[in-house]
Amino acid sequence: MEAKEWRTEQERLDQVREKLKARIDELEPAVTGLRDQAAEMRKRFWEEVSINTSTTEEFEETFYSVQQQSAMLAERERGHNRLVHQWNGMKRLLPSPYFGRVDFQEDGLNASEQIYIGVSSFVDNDGLNFLIYDWRSPIASLYYDYPPGRASYDTPAGRIEGTMTLKRQFQIQNGQIRTMFDASETIGDELLQQVLGKDADSQMKSIVATIQKEQNAIIRNDKSRMLIVQGAAGSGKTSAALQRVAYLLYKHRQTIRADQIVLFSPNSMFGSYISTVLPELGEENMQQTTFQEYLDYWLGPSLRPEDPFDQIEYVLTAQGTPGYEARLQGIAYKTSDTFLKALQNYGKWLGREGMRFKDIWFRNRVLITAERMSAKMYDFDSSMPLFSRVALLQEWLLNELASLEREEREASWVQEELNYLDNDQYAEVFDKLHKERELLDLSEQYAMAREVMNNKRRGDESDVYFAQREEELILRSIVKKSFKPLRKSVKKFSFVDVNGIYGQLFGDEASYREKTNENVIPPHWAEICRQTKDMLSRNELFHEDATPYLFVKELVEGVRTNTEIRHVFVDEGQDYSAFQYEYIKKLFPRARMTVLGDFGQAIFTQATKLQGADSPLVRLYGEAETSLIRLVRSYRSTREIVEFTKSMLPDGEEIVPFERGGQKPLLTRLDGGEKRDAQILADIAALRAEGFDSIAVITKTAAESQEAYESLRIQGGVGLQRITKETLAFEKGVMVVPVYLAKGLEFDAVLIYEASPQAYSRENERKLLYTACTRAMHRLRLYTTGDWSPFVQALPANLYEKAIY
Ligand SMILES: Nc1ncnc2c1ncn2[C@@H]1O[C@H](COP(=O)(O)OP(=O)(O)OP(=O)(O)O)[C@@H](O)[C@H]1O
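These figures come from a predicted structure and were not determined experimentally.

(A) Structural view of the UniProt feature "binding site: ATP" (unreviewed entry) in the protein. Per the UniProt record, "binding site: ATP" (unreviewed entry) is annotated on Gly231, Ala232, Ala233, Gly234, Ser235, Gly236, Lys237 and Thr238. Relative to the elements of secondary structure, alanine 232 occurs in the loop between strand 8 (226–231) and helix 6 (237–251). On the basis of neighbour counts, which here come to 27 C-beta atoms within 10 Å, the residue alanine 232 falls in the buried class. The contact partners of alanine 232, leaving out residues within four places of it in the chain, are Asp598, Gly600, Leu631, Val632, Ser634 and Ile655.

Below, the structure written as structure tokens:
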């Protein structure tokens, strides 16, 4: 680019930075001043408040003045937060104020406008002239959607058409332009080329400077209730999701807060990997969770649900063991929407008969039997939904308990307990009584006032009454205390036998048909039933049972919903079952959903197809409310790695690599594990010497990961990290990790520990191998100590190199 042009840009940059600096300095006293003021006000707030309760009017007066002051404080804090947000935004801009420029001439106007784009906007002192536009503003779309030429963007007032005469990309560091490219249709995205050539990081980075057109469509989609993104490995799904969160927070800043957006991520380590993207963009993080965390929470501590990692570990390692086929059939069935319908029908059946309750016990005797509860519940109006009748039953139980509690005061154990009360317990009871006494006195005063007003007198009985009742009150409090846990557990629906209700589904075929109206029963049904009940008897649940169990629990106890959440994001969406999606939809009735996934990486048994007429996801809100965007360009890996990995998938030909060259994947066959491990260690050392410091040895299972880790260490490997499902944070270095925990992550170099037919030959293992290989950005190596997996053998020989030793 011409030196003159460069100079002009640097001059403009210097000017903008000067203005930024000036504004930052200008605001600084206000920011710090306000902070101190607010803190001081808060500190003094309660000191100054003295509540005057001598008369009602005075009390009201104090109350309103407190309310007024606290509203003022809140307003001041809001103002302060806005200012701090603005100030922080400017400080963030200062080292690198913008990354793009487009010159756009709107149709019908004479002059073209220069639009500079950065991570937030900055307006000149006149308040009109945008020196920097926020990348999320409508006009910034031009930068992402078009090369120079005819272009348009959408605004709330309609579409603006015009001509883009220039599109420029910058890399600016510490106020200096480092690189500057002018894009044209033929050149492509040079900045992207540079960005992708960099090394892996322990935290994901924002992509705002290089968002691609199809990613921009995801980020700004505001139409559909359900947005599905099916994208190849490395196509930027997670990146698009996170920038979309930032976009939503900007566009709907008056109505949506970060904590009204929730993202379901595959595991906690992934959560830590992506946690810096939004703060980098000046936004607060959305809520992050895993589906498992949700299950654990709502199933409560008395049940132990298996997690998805133990489930997949079983699926991958237990072939040939008794019951294996049945378990797989069970997984497929229990995660389907057929099973969901069966359970809905089961709910109707339970409305007529078959509810299971638990006796309520008290001091070794049954207070209220399950039969009584059942009879009571089926006595309520049968047109009411099951959960409403259970709620009425709950109310009835609480009343029953209250009268049983009264009766219990006569029981001999209460008197005995009274005799054994120690001093502390006495003191506690008397303290309570004292409080009751105060109340009594107050009502006394009130009664006396009324007497005077009404000119009537009553007998002076309160003291006598109190003395007489002293013992009775203590007895009462003893019984009350011992009934408290009963009341509490009734409130928590402990009288419903959910284990029994879920378990009784798994009877013989005829009984299952009767309860669910279901005609198609999966093969191995008897064994599926045996396994399920066996787990339940130990208060355990298979992973595939956890969501259905919760569903049944809610059929009976009422549905749990969260109406606060406005947007739900599901990353690695192919790993959730149709059943889980129905559940998420029900849980967040007021939310829109964005699901991002890749069916090519569907390694869990309950995988869901993201597109096509038979996709349960499309059915979830119906086609009219659903948009589907497909991403086929893969950005993570070099062209050679993408060519290699895409050929493993039956319909992988549509995946397009981004034009970034590198070495072909290297296949290494060695005689025996010891030699293989030695070679892997030598290769790791060589890769590190080349400057790659994020290297993953990827194994098929956690069991293999453990073995690999031990044996590499014995062979002299130092500084290796073993990643397990408990690992919380993702750090750079050399790690040994099972495929299913490496999902969503990326590494400079990936070494596939054992790519033999024993490890990868079944159809679901194809996707496992694909997922493992697609984690590599710059280098991919595969090892075997025997034959090559059929998925490797089937690849054209020109896609890889073979190591010769
Ligand atoms: N427009 C872009 N500009 C710069 N980098 C990008 C862009 N899109 C994607 N990338 C980079 O490509 C890599 C893969 O992106 P990301 O992890 O979002 O993909 P993904 O589709 O979620 O992958 P996977 O399904 O394999 O987990 C990341 O390093 C990301 O920064």
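Structure's up, so let's keep going.
(B) Inspection of the site of the ligand at higher detail. Among the 23 residues in the neighbourhood of the ligand, the closest are listed as Thr210, Gly236, Lys237, Thr238 and Ser239. Looking at the shell around the ligand, its residues break down into seven nonpolar, eleven polar and five charged. Each of two domains, domain 2 (98–220) and domain 3 (639–802), supplies a minimum of three residues to the shell around the ligand.

(C) Main features of the sheet that holds strand 15 (residues 567–570). If you walk across this open sheet you meet the six strands as 10-9-15-16-8-17, and the pairing is parallel. Here the strands that pair on one side only, and so sit at the sheet edges, are strand 10 (287–289) and strand 17 (626–631). Strand after strand, the sheet turns through a mean of 15° between neighbouring axes, direction not considered. Contacts between helix 6 and the sheet are confined to strand 8, strand 9 (261–264), strand 15, strand 16 (592–597) and strand 17, with strand 16 contributing the most and set at about 160° to the helix.

(D) Main features of the nonpolar core. In this structure, Ile698, Val750 and Ile752 are the most contacted members of the largest nonpolar core, which totals 167 residues. The dominant element in this core, judged by the number of residues it contributes, is helix 6, at eight residues. Setting aside residues up to four positions removed in sequence, isoleucine 698 forms contacts with Val737, Val739, Ala742, Val750, Leu751, Ile752, Tyr753, Ala772 and Arg775.

(E) Expanded view of the sheet that holds strand 22 (residues 720–722). Taken in spatial order, the seven strands of this open sheet run 22-23-21-24-25-20-26, and their pairing is parallel. Edge strands, defined here as strands with exactly one partner in the open sheet, are strand 22 and strand 26 (801–802). Sheet analysis places strand 20 (residues 666–669) next to strand 26, joined by two bridges and oriented parallel. The partner of leucine 667 across the bridge, within strand 26, is lysine 802. In the packing of helix 25 (residues 673–689) onto the sheet, contacts are made with strand 20, strand 21 (694–699), strand 23 (733–738), strand 24 (747–752) and strand 25 (776–784), and the angle to strand 25 comes to roughly 165°.

(F) Representation of the packing of helix 14 (residues 386–408) against helix 21 (residues 543–557) in the model. At their nearest, the axes of helix 14 and helix 21 sit 6 Å apart, and the two run at 65° to each other. Facing Leu386, Phe387 and Val390 of helix 14, the residues of helix 21 in contact are Leu555, Val556 and Glu557. Here the contact of helix 14 with helix 21 is built from residues that sort into five nonpolar, no polar and one charged.

Conventions adopted
Residues numbered from 1 in each chain as written. Predicted model: local features only at pLDDT ≥ 70, side-chain atom pairs only at ≥ 80, totals over all residues. UniProt positions renumbered as here; feature names shortened; annotations may be inferred. Helix = DSSP H or I, 4+ residues; strand = E, 2+ residues; numbered from the N terminus. Buried ≥ 20, exposed ≤ 12 C-beta atoms within 10 Å, placed from the backbone. Contact = placed C-beta atoms within 7 Å. Near = placed C-beta within 6 Å. Nonpolar A, V, L, I, M, F, W, Y, C, P; charged D, E, K, R; others polar. Domains from an automatic or database assignment. Pairing = 2+ DSSP bridges. Axes fitted to C-alpha atoms, helices over the stretch in contact; angles between N-to-C directions. Core = buried A, V, L, I, M, F, W, Y, C linked by C-beta atoms within 7 Å.

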